[in-house]
Amino acid sequence: KAGVTQTPRYLIKTRGQQVTLSCSPISGHRSVSWYQQTPGQGLQFLFEYFSETQRNKGNFPGRFSGRQFSNSRSEMNVSTLELGDSALYLCASSTQGIQETQYFGPGTRLLVL
Amino acid sequence: GIQVEQSPPDLILQEGANSTLRCNFSDSVNNLQWFHQNPWGQLINLFYIPSGTKQNGRLSATTVATERYSLLYISSSQTTDSGVYFCAVGSNDYKLSFGAGTTVTVRA
């Protein structure tokens, strides 16, 4: 069974631009969650989706948004990028949600210049 | 939210040594997971262990939920064990809260 995939793997943007990251979960997994990892703040929860519904959202500004499609694939969007948005963005999937073993993708490294 | 503290922050080991990593959390949890992050950033799930003890090869983990801590044991460490080890906890709010991690360096 293929693992969690994330695209693109690397991305360079400039301040003010917007970016969309994609996450394809393991086949059969309906829960997708997103995390931001930075040297200063560590791993922080962004949001969790299950069957196209957002069940929780972390403490991030409204510039960070996400969605999940009927095939469980998920996207997250960051608008009006700031330098501080440079980070490794990780997604994880599971069959029912966070109360189970989480399987992480390789991440997308975003650099904002 | 739940606070998660991991200790020590850094650990340097000689190959073959044993070690213990600790995770303390501030509130009741029904979900605790240990992860290993390799140098390329990939997070690998080691254990799902909200309570009790589990073993997987040279790794084992124990969670004492009533006392709000978990321990990860690495025995006979190898250079491939190097990386950052994270503890993550959750309750009933559909999110995981991560600790700051323990950076393990195993020297040959």
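Shown above is the structure to which this text applies.
Right, let's walk through the structure included here. (Residues numbered from 1 in each chain as written. Chains lettered and ligands numbered in written order. Predicted model: local features only at pLDDT ≥ 70, side-chain atom pairs only at ≥ 80, totals over all residues. Heavy atoms only, no water.)

**A word on the overall build of chain B**
- When helices and strands are tallied, chain B shows zero helices and eleven strands.
- For chain B, the succession of helices and strands along the chain, N to C, is β-β-β-β-β-β-β-β-β-β-β.
- Taking the principal axes of its C-alpha atoms as reference, chain B extends roughly 40 × 25 × 20 Å.
- Out of the 108 residues in chain B, the part that is buried amounts to 48%.
- A separation of at least 24 residues holds for 54% of the contacts in chain B among residues at least 6 apart in sequence.
- Here chain B holds 6 positive side-chain charges and 7 negative ones, and the gap between their average locations is 3 Å. (Helix = DSSP H or I, 4+ residues; strand = E, 2+ residues; numbered from the N terminus. Buried < 20%, exposed > 50% of the residue type's maximum accessible area, 1.4 Å probe, protein only. Contact = heavy atoms within 4.5 Å. Lys, Arg positive; Asp, Glu negative; His and termini not counted. Charge placed at Lys NZ, Arg CZ, Asp CG, Glu CD.)

**Structural notes on the overall build of chain A**
- Along its length, chain A carries zero helices and eleven strands.
- Secondary structure elements of chain A, listed N to C terminal, follow the sequence β-β-β-β-β-β-β-β-β-β-β.
- Relative to a compact globule of 113 residues, whose C-alpha radius of gyration would be 13 Å, chain A shows 13 Å and is just as compact.
- Referenced to the eigenvectors of the C-alpha coordinate spread, the extents of chain A come out at roughly 35 × 25 × 25 Å.
- Going through the 113 residues of chain A one by one, you find that 50% of them count as buried.
- In chain A, the share of contacts with a sequence separation of at least 24, taken over all contacts with a separation of at least 6, comes to 55%.
- In the structure as shown, chain A presents an accessible area of about 5,200 Å², 48% of it carried by carbon and sulfur atoms. (Rg over C-alpha atoms; globule rule 2.2 N^0.38 Å. Areas by Shrake-Rupley, 256 points an atom, 1.4 Å probe, with all protein chains shown as cover.)

**Things to note about the interface of chain A and chain B**
- Facing 18 residues of chain A, the contacting portion of chain B comprises 19 residues.
- When chain A packs against chain B, close to 1,600 Å² is buried across both sides, 53% of that on carbon and sulfur atoms.
- When the area that chain A buries against chain B is broken down by residue, the three leading residues are A:Leu43, A:Gln99 and A:Phe104, summing to 35%.
- The interface formed by chain A and chain B holds zero salt bridges in total.
- Summed over the shared surface of chain A and chain B, the result is ten residue pairs in polar contact (both at pLDDT 80 or more).
- Breaking the side of chain A that touches chain B down by element, the ones donating at least two residues are strand 4 (31-38), strand 5 (42-50), strand 6 (53-57) and strand 9 (87-94) of chain A.
- In terms of residues, the side of chain A that touches chain B owes the most to one element, strand 5 of chain A, which gives three residues.
- Of the residues belonging to the side of chain A that touches chain B, the class tally is eight nonpolar, six polar and four charged. (Buried area = accessible area lost by both parts, 1.4 Å probe. Salt bridge = Lys/Arg side-chain N within 4 Å of Asp/Glu carboxyl O. Polar contact = N/O pair within 3.5 Å; in protein donor to acceptor, adjacent residues only side chain to side chain. Nonpolar A, V, L, I, M, F, W, Y, C, P; charged D, E, K, R; others polar.)

**What about the pairing of strand 3 (residues 19-25) of chain B?**
Residue and element names in this part refer to chain B.
- Here strand 3 shows a buried face lined by Ser19, Leu21, Cys23 and Phe25 and an unburied face lined by Thr20, Arg22 and Asn24.
- Here strand 1 (residues 4-7) pairs with strand 3 via four bridges, running antiparallel. Of the residues in strand 3, the one forming a bridge with Gln6 is Cys23.
- Judged from the six bridges that link them, strand 3 and strand 8 (residues 69-74) form a sheet pairing that is antiparallel. (Pairing = 2+ DSSP bridges.)

**Considering the sheet that holds strand 1 (residues 5-7) of chain A**
Residue and element names in this part refer to chain A.
- In spatial order, the strands read 1-3-8-7; together these four strands make up an open sheet with antiparallel pairing. In this open sheet, the two edge strands, each paired with only one partner strand, are strand 1 and strand 7 (64-68). This sheet shows a mean twist of 15° between the axes of neighbouring strands, independent of strand direction.
- In this structure, strand 3 (residues 19-24) lies alongside strand 8 (residues 74-78), joined through five bridges in antiparallel fashion. The residue of strand 8 that forms the bridge with Thr20 is Asn77. (Axes fitted to C-alpha atoms, helices over the stretch in contact; angles between N-to-C directions.)

**Considering the state of the cysteines**
All names here are of chain A.
- Under the defined criterion, the tally for this structure stands at two disulfides over all chains.
- Disulfide pairing places Cys23 opposite Cys91 at an S-S distance of 1.9 Å. Disulfide Cys23-Cys91: the torsion about the S-S bond is 75°, which places it as right-handed. Taken as a pair, Cys23 in strand 3 and Cys91 in strand 9 lie far apart in primary sequence, 68 residues in all. (Disulfide = S-S within 2.5 Å.)

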